[in-house]
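# Results of the structural survey
Listed below are the residues making up each chain.
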Number of protein chains: 2
Amino acid sequence: MSNIQNILRNNKLSVTEGRKKILQLFLNTEGALAHSDIEMGAGENFDRVTIYRTLHSFVEKGIIHVIPSADNSIKYALCKDECSEGHHHDHHVHLVCSVCQKTLCLDEVVVPVVNFPTGYYIENIEVVANGICKQCNS
Amino acid sequence: MSNIQNILRNNKLSVTEGRKKILQLFLNTEGALAHSDIEMGAGENFDRVTIYRTLHSFVEKGIIHVIPSADNSIKYALCKDECSEGHHHDHHVHLVCSVCQKTLCLDEVVVPVVNFPTGYYIENIEVVANGICKQCNS
DNA sequence: CAAAAATAGCAACATTGTTGCAAATAATTG
DNA sequence: CAATTATTTGCAACAATGTTGCTATTTTTG
């Protein structure tokens, strides 16, 4: 039950109310969360600054990862256990559903190999698909 | 020489100073531009609102396209001629260079086919690679 | 060139993100 | 377990980014 505490402890983060609530929210949520979702959904009223800082340290520690967006609405989602401090390995595809507006991590869909011309060095690749998710497409 | 006027006319946009200057800037620039780049680089001082609206209508008309980002710094880049009003077909990969910080369209690198599980409907796929560009990687 | 249509600029505001600092909370150590 | 130390929080103030309504100006059209 104190899974949450463990996650924080394992990542060398002090266990505070704010971090517990925000991590809780991620664990309870299917799909990604934007800063504003957290501001509204985290139960109590945390200062916006606290949320920014919490999200930053979660990303740094590899607890969550950032999902890029084309409309200034960056989202965050839980990392699977392959992620560790400073090294994100979430090589899955993201889907933004145009019906329910949720952003989902399609863990089973792996980012394909892309062939770049010689001369480039590629560190990582982000894939974001726009479409309709399983639930909404039925 | 009035290539610019033609582009605007062909897209049924009035030919105004702002639009000409901004389009000029895109034509003169290798790589993508952020709103702030335009605010600084467009020569004269355009109202920020004008720039927002110009970018919106250029996107709508298929003159430029949006490149998603993971750090709230959306960039815009010229579309090739396959794009038309309401239909973007820029299925190329984008590269964000960690050295020169430029965002480039790699027109020769096509977005690969991604296999999604049944049940999803996919409209389009965005691929953004982080790495080092040809120029900086030598 | 005049009338109609479209666009630009301004003002005011909303949202998002950052920084420094003092107070509160959590971890550590004896 | 209490006291010290380290960390984190909330606040305030600010900066940057994005939006909307309205009027004046510019562009287009006939």
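Along each chain, residue indices are assigned from 1 in the same order as the chain's sequence is written. Numbering of ligands from 1 and lettering of chains from A proceed in the order in which they are written. In view of the model being predicted, local features appear only for residues whose pLDDT reaches at least 70, and side-chain atom pairs are presented and counted only at 80 or more, with totals across whole chains, interfaces and linings using the full set of residues. With hydrogens and water set aside, each side-chain value is computed from the structure's full complement of heavy atoms.

The backbone of Asn 72 of chain A shows a phi angle near 50°, a positive value even though the residue is not glycine. Here Asn 72 of chain A shows up in the loop between strand E2 (64-67) and strand E3 (75-78). The backbone phi angle of Lys 12 of chain B is positive, close to 55°, even though this residue is not glycine. Secondary structure elements are defined from DSSP: runs of H or I of at least 4 residues count as helices, runs of E of at least 2 residues count as strands, and each element is numbered from the N terminus. Relative to the helices and strands, Lys 12 of chain B is located in the loop between helix H1 (3-10) and helix H2 (17-28).

Before going further, it helps to spend a moment on the sheet that holds strand E6 (residues 121-132) of chain A. Spatially, the 6 strands line up as an open sheet ordered E5(A)-E4(A)-E6(A)-E6(B)-E4(B)-E5(B), and their pairing is mixed. Of all strands in the sheet, those bounded by a partner on one side alone are strand E5 (103-110) of chain A together with strand E5 (103-110) of chain B. Going from strand to strand, the sheet's axes swing by 30° on average, the running direction of each strand aside. When DSSP finds two or more bridges between two strands, those strands count as paired. Relative to E6 of chain A, strand E4 (residues 92-97) of chain A runs parallel, the two sharing 4 bridges. Bridging across to E6 of chain A, Val 96 of chain A finds its partner in Asn 130 of chain A. The angle between two axes is taken between their N-to-C directions and runs from 0 to 180 degrees, where each axis is a line fitted to C-alpha atoms and a helix contributes only its stretch in contact.

This brings us to the protein's contact with DNA strand C. Taken together, the neighbourhood of DNA strand C is formed by 16 residues, with Thr 16, Arg 19, Thr 50, Arg 53 and Asn 72 of chain B sitting nearest. Among the atoms of DNA strand C lying within 4 Å of the protein, the sugar-phosphate backbone contributes 61%. Between N or O atoms, a polar contact is any pair within 3.5 Å; within protein, one atom must be a potential hydrogen donor and the other a potential acceptor, and residues adjacent in sequence are included only when both atoms are from side chains. Take Tyr 52 of chain A: an N or O atom from its side chain is 3.0 Å from a phosphate oxygen of DNA strand C. Ser 14 of chain B has a polar side-chain atom sitting 3.3 Å from a sugar or linking oxygen of DNA strand C. Counting residues per element, the surface near DNA strand C draws most heavily on helix H4 (residues 48-61) of chain A, at 5 residues. When residue character is reported, Ala, Val, Leu, Ile, Met, Phe, Trp, Tyr, Cys and Pro are called nonpolar, Asp, Glu, Lys and Arg charged, and the others, Gly included, polar. Split into classes, the residues belonging to the surface near DNA strand C amount to 4 nonpolar, 7 polar and 5 charged. Residues are labelled near a given molecule or strand when at least one of their non-hydrogen atoms is within 4 Å of it.

Let us now look at the protein's contact with DNA strand D. Near DNA strand D you find 16 residues, and of these Thr 16, Thr 50, Arg 53 and Asn 72 of chain A together with Val 15 of chain B are the closest. Sugar plus phosphate, as a fraction of atoms of DNA strand D within 4 Å of the protein: 59%. Between DNA strand D and Arg 53 of chain A, the relevant distance is 2.7 Å, taken from a base oxygen to a side-chain nitrogen or oxygen of the residue. Between DNA strand D and Arg 48 of chain B, the relevant distance is 2.9 Å, taken from a base nitrogen to a side-chain nitrogen or oxygen of the residue. Elements with a contribution of two residues or more to the surface near DNA strand D: H4 of chain A together with helix H4 (48-61) of chain B. When residues of the surface near DNA strand D are assigned to their parent elements, the largest contribution, 5 residues, is made by H4 of chain B. Its residues assigned to classes, the surface near DNA strand D shows 4 nonpolar, 7 polar and 5 charged.

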